[in-house]
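Commentary on secondary and tertiary structure
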Amino acid sequence: MLFFVFLLAILQTTLLSGQFYSCSTDHLDLDMKQQNQNIETMWDCINYGGEWVEPDLNFDTTLTSLLTLVTIQTTEGWIDVMWSSVDAVGPYQVPQENYNVFMVVYTMILVIIICMLFIELFVGIVVETFNN
């Protein structure tokens, strides 16, 4: 089971590495219209005085992907990961709202595969071993 989750972690790292970062401009006097027009990349964010931050759950490395997938497997925080992947544009680019709506379906399939299939396999093996 861990091997298949590891393979999915490698896939997620390949697809979404570096794409969950965002620009934090809470301390600046920019409204949303100015942010959307002027800040598009990491360098724009830094030039305007913003902070380039990443969420706790991300897919930047294989290890963090594995931790994120284990967190998704516990069904805690998977919705935040889903919306971060929907808004992801590319590495070093500011997320855009609802940029890739297909990622909703992809994340749902991922949750179904990880939660239901792998947990059912694990529980089935434990029950079968216990019965023997």
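Placed above this text is the structure.
This one's a predicted model, so the numbers in the text were calculated from it and none came from an experiment. (Residues numbered from 1 in each chain as written. Predicted model: local features only at pLDDT ≥ 70, side-chain atom pairs only at ≥ 80, totals over all residues. Heavy atoms only, no water.)

Time to look at the environment of T14. Locating T14 in the fold gives a position in helix α1 (residues 2–16). Along the chain, T14 and F59 lie 45 residues apart, while their C-alpha atoms are 8.5 Å from each other. (Helix = DSSP H or I, 4+ residues; strand = E, 2+ residues; numbered from the N terminus.)

Another point: the nonpolar core. Counting 21 residues, the largest nonpolar core has L8, F20, F59, L69, I72 and I114 as its most contacted members. Secondary-structure elements contributing two or more residues to this core are α1, α4 (62–73), α5 (78–87) and α6 (102–131). Among the elements that make up this core, the one with the highest residue count is α6 (seven residues). If near-sequence neighbours (up to four positions away) are discounted, L8 is found in contact with L69, L110, I113, I114 and F118. In terms of nonpolar packing, the next biggest core, distinct from the first, is built from six residues, C23, M42, C45 and V94 among them. (Core = buried A, V, L, I, M, F, W, Y, C linked by side-chain atoms within 4.5 Å. Buried < 20%, exposed > 50% of the residue type's maximum accessible area, 1.4 Å probe, protein only. Contact = heavy atoms within 4.5 Å.)

Moving on to α4. Helix length check: α4, at 12 residues, gives a terminal C-alpha distance of 16 Å against a target of 16 Å (1.5 Å per residue), a fit within 8%. Turning to α4, its buried residues number three or more, namely S65, L66, T68, L69, I72 and Q73. The arc that holds the buried residues of α4, viewed along the axis, is 165 degrees, so those residues lie on one side. For α4, exposure combined with an orientation more than 90 degrees from the buried face picks out L63 and L67. For α4, the secondary structure elements touched by its buried residues are α1, α5 and α6. Just downstream of α4, T75 is the residue with a positive phi angle, here 60 degrees. (Expected span 1.5 Å × (residues − 1). Arc of directions from axis to C-beta.)

Direction vectors running N to C along α1 and α6 enclose 165 degrees, while the axes themselves pass 12 Å from each other. When the axis of α1 is compared with that of α6, the two are roughly antiparallel. Of the two elements, α1 crosses α6, and the hand of that crossing is left-handed. Listed contacts from α6 to F4, V5, L8, L11, Q12, L15 and L16 of α1 are M103, Y106, L110, I113, I114 and F118. Class assignment of the residues belonging to the contact of α1 with α6 gives a composition of 12 nonpolar, one polar and no charged. (Axes fitted to C-alpha atoms, helices over the stretch in contact; angles between N-to-C directions. Parallel < 35°, antiparallel > 145°, perpendicular 65-115°, else oblique. Left-handed = near helix turned anticlockwise from the far one by under 90°. Nonpolar A, V, L, I, M, F, W, Y, C, P; charged D, E, K, R; others polar.)

Right, let's get into the side chain of T68. Position of T68 among the secondary structure elements: in helix α4. In contact with T68, not counting residues within four places along its chain, are L57, N58, F59 and V81.

Take the layout of surface pockets next. Space inside the largest pocket adds up to approximately 550 Å³. If you go around the largest pocket, you meet 22 residues; those closest to its centre are S22, N36, V94, P95 and Q96. Taken together, the residues that form the lining of the largest pocket break down as nine nonpolar, nine polar and four charged. (1 Å grid on protein atoms, 1.4 Å probe; cavity = no way out; pocket = protein on both sides within 12 Å on 5 of 7 lines; lining within 4 Å. Points joined across faces, edges and corners; volume = space filled by probe spheres on them.)

Let us now look at the packing of α5 against α6. It is the contact of α5 with α6, at a shortest axis distance of 9 Å, that shows an interaxial angle of 145 degrees. Crossing handedness for the pair α5 and α6: right-handed. Of the residues in α6, those in contact with W78, M82, W83, S85 and V86 of α5 are M103, V104, T107, M108 and V111. In terms of residue class, the contact of α5 with α6 is made up of eight nonpolar, two polar and no charged.

On the surface, a cluster of nonpolar side chains totalling about 480 Å² of accessible area is made up of M1, I119, F122, V123, V126 and V127. Residue placement: M1 occurs in the segment before α1. (Patch = residues over 30% accessible without salt bridge, like charges linked within 9 Å, V, L, I, M, F, W, Y side chains within 5 Å. Areas by Shrake-Rupley, 256 points an atom, 1.4 Å probe, with all protein chains shown as cover. Salt bridge = Lys/Arg side-chain N within 4 Å of Asp/Glu carboxyl O.)

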